[in-house]
Every structure is written in structure tokens, then in C-alpha cells.
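Below, each chain spelled out in residue letters.
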Amino acid sequence: MVWACTLCACILQPITFLVRALSFWTPVVTACAIDYAIFGPTALRDAAEASHHGLGNLALAFALVYSRLLISCVVTLISVCLKWLLVGRLRPTPDAPHRWPVLAHFRWRSGRIIHAQLEPALECFRGTSILTYILRALGTRVHRSATIETTQIFDWDLVELGPHAILQEKASISAAHLHLSDIRFERVVVDALVGTGAHASA
């Protein structure tokens, strides 16, 4: 498990830094791009004059208001790509022990780190149909009638939400079972109410 955590840190830390830097600079770049599109190449130099007419402030306000949505979309796209690149598709663990336990721990840890980076974006879309599409892109089987008010869904490939599934706020779904020297994955099917703060697993 130590080797898996070290490997995750070496691979995902630079990516995490990139995502955070992107989250910081996206509003600034968006505001500059809008100013450039409205006022031309001299937008920054004439920012004070533009603000006098109210248009500069309007462009900046538009960029700041919609920056979170833009950041959430970009981070979601990056996270989905990282999930399929580093984690792949999880499958239930057979009865025999893992042939490569370090790889199993690496995939599990990578999924948790990706979820941590993705959670603000999931929170932005929580309670909407967009969250359903994001979960499907990550590998989760979600019925169109399922109600999802939580972002705490892990091990996406092994989670199935039926037509009567209702996940209230802060409910948690996980398909992993940790042991001293091994980790096992089992499929989780939810087709009922999971209350606030409750945890469902295989």
C-alpha cells in the first residue's frame, strides 16, 4: 500500500497542481478575453475609460459570475480523462487474491484523489441532470429516474443506481473493502432511499 500511495503522489501531484492553477487563472483569462473581444487590442490600456461607460465592469462581472461554471466544466473533462487513463474500468474482485496488489491499491487511491479534485465540480451540478451524465461518463450505471443529492459516490464502475434510488445529501456509496494487505471490489446496487449521512456498500 505504501508503494501505491507513493506512486499516486508522484503521478497525480503535478496534475493536481495544474488543475488548481487552472482554477485560479481561468477567471482572469476569461475577463481579459472578453475585454479584448469587446474593446480590441487596447482593452487593457483603456480599461479605465471602458469602465467609465460601464461596459468593462459588465464584462468583468460576467466573467466572474460564469467562471465557476467554466472551471467546473474544464475540471470535469480533465477528471474524466484521468479516470479512464489511470483507473480504467474497475471490476469485482475474484475469489483469488490480487495478482498485483500494488496495482489494485494504486487504482483505488487514484480514484479517491480524482474524486477529491472533482468534488467541487460535482457540487456545482448537484441535483441536476448534468450530474447524472457526469457519473455515467465516469462509469456509473444511473437510471434516469434516480435522484442524486450527494457527491460522495466512489468506485464509479461498480455502482448501479436503480429507478427508485434516492441519495440524500452527504450519503456515501462505496464498492471497496480495505484489508491489511489487500483491497477488494464488489458491485453495489442501490434502488432505495439512502438517508443523509448514511453509507451504502456491497
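Below is a summary of the structure that appears in this document. It should be emphasised that the depicted structure is a prediction, and the values quoted were computed from it without experimental measurement. (Residues numbered from 1 in each chain as written. Predicted model: local features only at pLDDT ≥ 70, side-chain atom pairs only at ≥ 80, totals over all residues. Heavy atoms only, no water.)

The number of helices and strands found in the protein chain is five helices and 11 strands. Residues counted as buried form 40% of the 202 residues belonging to the protein chain. Pairs at least 24 apart in sequence give 60% of the contacts found in the protein chain among residues at least 6 apart. Entry remark: accessible area of the protein chain is about 11,600 Å², with carbon and sulfur atoms responsible for 64%. (Helix = DSSP H or I, 4+ residues; strand = E, 2+ residues; numbered from the N terminus. Buried < 20%, exposed > 50% of the residue type's maximum accessible area, 1.4 Å probe, protein only. Contact = heavy atoms within 4.5 Å. Areas by Shrake-Rupley, 256 points an atom, 1.4 Å probe, with all protein chains shown as cover.)

A few words now on the side chain of Ser72. Mapped onto the fold, Ser72 is located in helix 3 (residues 55–87). Among the residues examined, Ser72 registers a relative accessible area of 5% and is labelled buried. What Ser72 contacts, discounting residues up to four positions off in sequence, is Ala121, Cys124 and Phe125.

To continue, consider helix 4 (residues 101–124). Residue pairs three or four apart in sequence face the same way in an α-helix, which turns once every 3.6 residues. Helix length check: helix 4 (24 residues) gives 35 Å between terminal C-alpha atoms against 34 Å at 1.5 Å per residue, within 8%. Along its length, helix 4 shows its largest kink, about 45 degrees, at Leu118, and proline Pro120 lies within four residues downstream of that point. (Expected span 1.5 Å × (residues − 1). Bend = angle between axes of the 7 residues up to and from the residue.)

Right, let's get into the nonpolar core. Membership of the largest hydrophobic core comes to 37 residues, with the highest contact counts inside it found for Ile148, Ile153, Leu161, Leu167, Ile173 and Val190. Those elements giving two or more residues to this core turn out to be helix 3, helix 4, helix 5 (129–137), strand 4 (159–161), strand 8 (183–185) and strand 9 (188–190). With residues near it in sequence (within four places) discarded, Ile153 still touches His115, Leu135, Ile148, Val159, Leu161, Leu167 and Ile173. (Core = buried A, V, L, I, M, F, W, Y, C linked by side-chain atoms within 4.5 Å.)

Looking now at the packing of aromatic side chains. Counting across every chain of the model gives zero aromatic pairs. For the cation-ring pair, Lys83 lies above Trp84, with the distance from its terminal atom to the ring centre recorded as 3.5 Å. (Phe/Tyr/Trp six-rings, centres within 6.5 Å; stacked < 30°, edge-to-face > 60°. Lys NZ or Arg CZ within 6 Å of the ring centre and 35° of its normal.)

A few words now on the sheet that holds strand 10 (residues 193–194). The strand order 2-5-10 describes an open sheet built from three strands, whose pairing is parallel. The open sheet terminates on both sides in strands that have one partner only, identified here as strand 2 (147–148) and strand 10. Note that strand 2 and strand 5 (residues 166–167) share two bridges and pair parallel. By the bridge assignment, Ile148 is partnered in strand 5 with Leu167. (Pairing = 2+ DSSP bridges.)

Turning next to the pattern of salt bridges. Counted by the stated rule, this structure contains five salt bridges. The salt bridge partner of Asp155 is Arg112, with a shortest N-O separation of 2.9 Å. Of the two residues, Asp155 sits in the loop between strand 3 (152–153) and strand 4 while Arg112 sits in helix 4, which places them 43 residues apart along the sequence. The burial state of Asp155 is the same as that of Arg112; both residues are buried. Sharing partners across several salt bridges, the network here consists of Lys83, Arg89 and Asp157. (Salt bridge = Lys/Arg side-chain N within 4 Å of Asp/Glu carboxyl O.)

Attention now moves to the environment of Trp108. Within the secondary structure, Trp108 sits in helix 4. Taking the C-alpha atoms as reference points, Trp108 and Phe185, 77 residues apart in sequence, are found 9.4 Å from one another. Discounting residues that sit within four places of it in the chain, Trp108 has contacts with Asp155, Ala176, Leu178, Ile183 and Phe185.

What follows is about unusual backbone geometry. Positive phi, close to 50 degrees, is recorded for Asp155, a residue that is not glycine. In this model, Lys170 sits at a positive phi of 70 degrees, which is unusual for a non-glycine residue. Of note, Lys170 is situated in the loop between strand 5 and strand 6 (172–174).

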